[in-house]
Each structure stands twice: as structure tokens, then as C-alpha cells.
Amino acid sequence: MVALREAPRLHGLPSADGAGHTPGWCGYGGLPLVIEGVASEWAAVGRWTAEHLVERCGAERVTAFVTDESMQGTVLQQVNKSVTASFAEIVRHIFGIERRDPDLAYYLRVEPGMPVYEELSADFEIPDIGHEFNPQWSGIWMGQAGNATPFHNDQWHGLLFQISGRKRYTMVHPFDAVQLQRNWRPAAKYDLAHAEVLAEDAPELAGLEQCYQGILSPGEVLYVPPFWMHQVVTIDDGNISMPIRFNTTQSPDVSLFQFSQRSCLRDLTNQPVYDTDTIVEFLRTNRAHFAAREREFVEALLEVRKLDIAPATLLAAVAQ
């Protein structure tokens, strides 16, 4: 039975202790949270209208991702084309003031170090949560209605600050990842191609044990715990949010994470098996399972990147 619910709400970020550590995330059980009373205090909320943004940074050149209905509005940097234009042109398109092409949707990521980001940085503040700020995966994201980031997981503490417009989030516990991805094509499992964007009442969500879903409004912050699967859909034009990421003390070793969650070893862990022959058979099955996953990945990689080599040939080279 699905446990579909809105993420719990919290007022203010968990405070760091005297040593600079933040026990708060663990104290909330590693759950997604909607945080109030933080972004709502920023000057960016309410100030960043299209007119204001164009006045401050309109002449700067920026590059936006391009998507359309055939891709379900998906924004995934591995698969999307891009367009370069003035910041003013991109903003007017995203806000629906003047569409450069009515059949295309734009999604702009402004990263730290870019002139637009540095100019607008006076209107927000990177919070101190007791973890190291990771600028590489942070920034200002601007999009229009229908933009969607399909299900994926990240390896850090993520805070999504909503500046204007609304976003619909759907979050799935890491232990439910296998069930969620059961019918995905291999290329989507490995982020070589985009996954399908799921409707809020999709049957794929019905069999999950922990699934959180809701609307993020201006001035609110969504906390995305490490490794949680999440999908985010933009509801309206002129949508602006800021993902701010912090390094986690949890293991960022994705291969280890997949080894523990997507293998047969959990079956062995969860059963009182003491017979060595049975244990050997479990391990043999697990090894075959991972060999099959490796082949599945290689086949998807060669297909997506259109490489003229047979999967068996590539795998044989690995074995040498």
C-alpha cells in the first residue's frame, strides 16, 4: 500500500552545534522536509521579476537548455540541446513575454562564477548548515511551465530554494529505487537517456512504501536527503529556484550504494542462513546478477553513444 504524503514541514534550518556540525538532518530521520522562514526573508523573493532581471543583467550572454513536448519537457544535460542568447531574450521567453520559438521551452542554469550569478548574489545568502558548501552543483535555475527533471538521485544534502512560481516534487526513499525503476529501459537507469516523467497518480508510485509528494511555493525550501530519488515538475512560467548543495558525511560511493541496495546480498543479510553451501550459492547468484547489470550497462552505453563495437568485444577487453 502506498504511503503517499506531503513532506513534513519545519520552520527554520536546523542549527549547527558549537563544533560547526549540524545534527539536525539525522535528527529528522533523513526525511525530505519543506522548510519555511528562510528563503522568504531573501530580497530575491518578490524582487526577481522579468523586468528587474533584464534591467540588471539583460546584456549578458547565457546558454539555456532546450526541450519540447516530445521529451515531456525533460531537462537532462546529457540529452538536451542548448541555445545561446542574451539574458534578456532568455528571460522574456521563460516568463512568456516574448517567445523566441513557441514550440520550445527553455531552462536556464546560472552557475556560481557567471556574471549573472555574481550580480544577483547580493539578493540571497548561502546558509551555514555545518556542512561544506558545494558550488559546483549549486546555482540559479529559471524555467517555464512543463519543464521537468525526471527521477534521479544525488549524492549530497540538497536545499531547493523556491524564489518564484511553484514546483511539484515527488520523492521516493532509496530502498524503493529498485521497485521504481523496475520497468525502466537500461539507458534511463544509468542516466544515459531521460526517464519517463511520471504523473502524480502514476501506478508506478502505488507500490512504493515511502513516497512524498507536494507543491513547493515561493519562499519555501525543499530539503532533499542524499540518495533519495526525486522528480521535479515546473508548474508555471517565470519559475525561479536555487538549488544549494552541501557535501555529505555519508558515503558518496555510488558503487557501494548500488552494491548494497540493488544486489542479492540483502536477501542473504535478511535471512538467518548459516549453511556455507547456501551462502556460496547466494554469492554466486549475486556475482551473476552484477555481471548481467554490467552487460546491460555496456549495451546501453554503446547504443546511446553509437559506438561501432560489439558489447562482447568490449567486455572481453575488460577481462584481459
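The shown structure was predicted, so the numbers you read here are calculated from the model rather than taken from an experiment.

So, the overall build of the protein
Scanning the protein for helices and strands turns up 12 helices and 15 strands. Looking at the protein as a whole, 48% of its 320 residues are labelled buried. By sequence separation, contacts in the protein at least 24 residues apart represent 79% of the contacts at least 6 residues apart. Summed over all atoms, the accessible surface of the protein reaches about 16100 Å², with 51% contributed by carbon and sulfur.

Thoughts on the pairing of strand β10 (residues 157–164)
Of all 8 residues making up β10, 8 are buried, and the element is well covered by its neighbours. Here β10 runs beside strand β15 (residues 239–246); their pairing, made up of 7 bridges, is antiparallel. Pairing of Ser164 across the sheet is with Ile240, part of β15. Here β10 runs beside strand β13 (residues 221–224); their pairing, made up of 4 bridges, is antiparallel. From the neighbouring strand, Gly158 faces β13, where its bridge partner is Val224.

Some remarks on unusual backbone geometry
Despite not being glycine, Phe227 shows a phi value in the positive range, around 75°. Within the element layout of this structure, Phe227 appears in the loop between β13 and β14 (229–234). Taking relative accessible area as the criterion, Phe227 reaches 8% and is therefore assigned buried. Positive phi outside glycine occurs at Lys306, with the angle close to 55°. One can find Lys306 in the loop between α11 (276–304) and α12 (311–319).

With respect to the packing of aromatic side chains
Throughout the structure, instances matching the rule amount to 8 aromatic pairs. Taken together, a centroid distance of 6.1 Å and an interplanar angle of 65° make the contact between Tyr107 and Trp141 edge-to-face. Of this pair, Tyr107 sits in strand β6 (residues 105–110) while Trp141 is found in strand β8 (residues 140–143), placing the two residues 34 residues apart along the sequence. Each member of the pair, Tyr107 together with Trp141, is buried. With 5.3 Å between their ring centres and 25° between their planes, Trp137 and Trp156 make a pair best called stacked. Here Trp156 lies in the loop between β9 (148–152) and β10 and Trp137 lies in the loop between β7 (133–134) and β8, a separation of 19 residues in the sequence. Taking the relative accessible area as the measure of exposure, Trp137 reaches 35% and is therefore partly exposed. Sitting over the ring of Tyr212, Arg5 keeps its end group 5.0 Å from the ring centre. Just above the ring of Trp141 sits the side chain of Arg109; from NZ or CZ to the centre is 4.4 Å.

Examining the packing of helix α3 (residues 50–57) against helix α4 (residues 87–94)
The contact between α3 and α4 brings their axes to 9 Å, and the two run at 170°. As the angle between them shows, α3 and α4 are arranged roughly antiparallel. Residue-level inspection shows Ala50, Leu53, Val54 and Cys57 of α3 in contact with α4, the latter providing Phe87, Ala88, Val91 and Arg92. Its residues placed into classes, the contact of α3 with α4 shows 7 nonpolar, no polar and 1 charged.

Let's talk about the nonpolar core
Within the largest apolar cluster, 41 residues are counted, with the highest numbers of intra-cluster contacts made by Trp48, Ile140 and Met242. Ranked by the residues each element gives to this core, the list is headed by α4, at 5 residues. If near-sequence neighbours (up to four positions away) are discounted, Ile140 is found in contact with Trp48, Leu108, Arg109, Val110, Tyr117, Leu120, Phe124, Ile240, Ser241 and Met242.

A few points about the pairing of β15
With 8 of 8 residues buried, β15 lies mostly within the body of the structure. Bridge count between β8 and β15: 3 bridges; the pairing is antiparallel. Considered in β15, the bridge of Met142 is made with Ile240.

Observations concerning the packing of α11 against α12
For the pair α11 and α12, the least separation of the axes is 10 Å and the interaxial angle reads 125°. By the criterion of interaxial angle, the relationship of α11 to α12 is oblique. In the packing of α11 onto α12, the handedness of the crossing is right-handed. Between α11 and α12, the contacting residues are Glu294, Arg295, Val298, Glu299 and Leu302 on the first element and Pro311, Ala312, Leu314 and Leu315 on the second. For the contact of α11 with α12, the per-class residue count stands at 6 nonpolar, no polar and 3 charged.

Parameters and conventions
- Residues numbered from 1 in each chain as written.
- Predicted model: local features only at pLDDT ≥ 70, side-chain atom pairs only at ≥ 80, totals over all residues.
- Heavy atoms only, no water.
- Helix = DSSP H or I, 4+ residues; strand = E, 2+ residues; numbered from the N terminus.
- Buried < 20%, exposed > 50% of the residue type's maximum accessible area, 1.4 Å probe, protein only.
- Contact = heavy atoms within 4.5 Å.
- Areas by Shrake-Rupley, 256 points an atom, 1.4 Å probe, with all protein chains shown as cover.
- Pairing = 2+ DSSP bridges.
- Phe/Tyr/Trp six-rings, centres within 6.5 Å; stacked < 30°, edge-to-face > 60°.
- Lys NZ or Arg CZ within 6 Å of the ring centre and 35° of its normal.
- Axes fitted to C-alpha atoms, helices over the stretch in contact; angles between N-to-C directions.
- Parallel < 35°, antiparallel > 145°, perpendicular 65-115°, else oblique.
- Nonpolar A, V, L, I, M, F, W, Y, C, P; charged D, E, K, R; others polar.
- Core = buried A, V, L, I, M, F, W, Y, C linked by side-chain atoms within 4.5 Å.
- Left-handed = near helix turned anticlockwise from the far one by under 90°.

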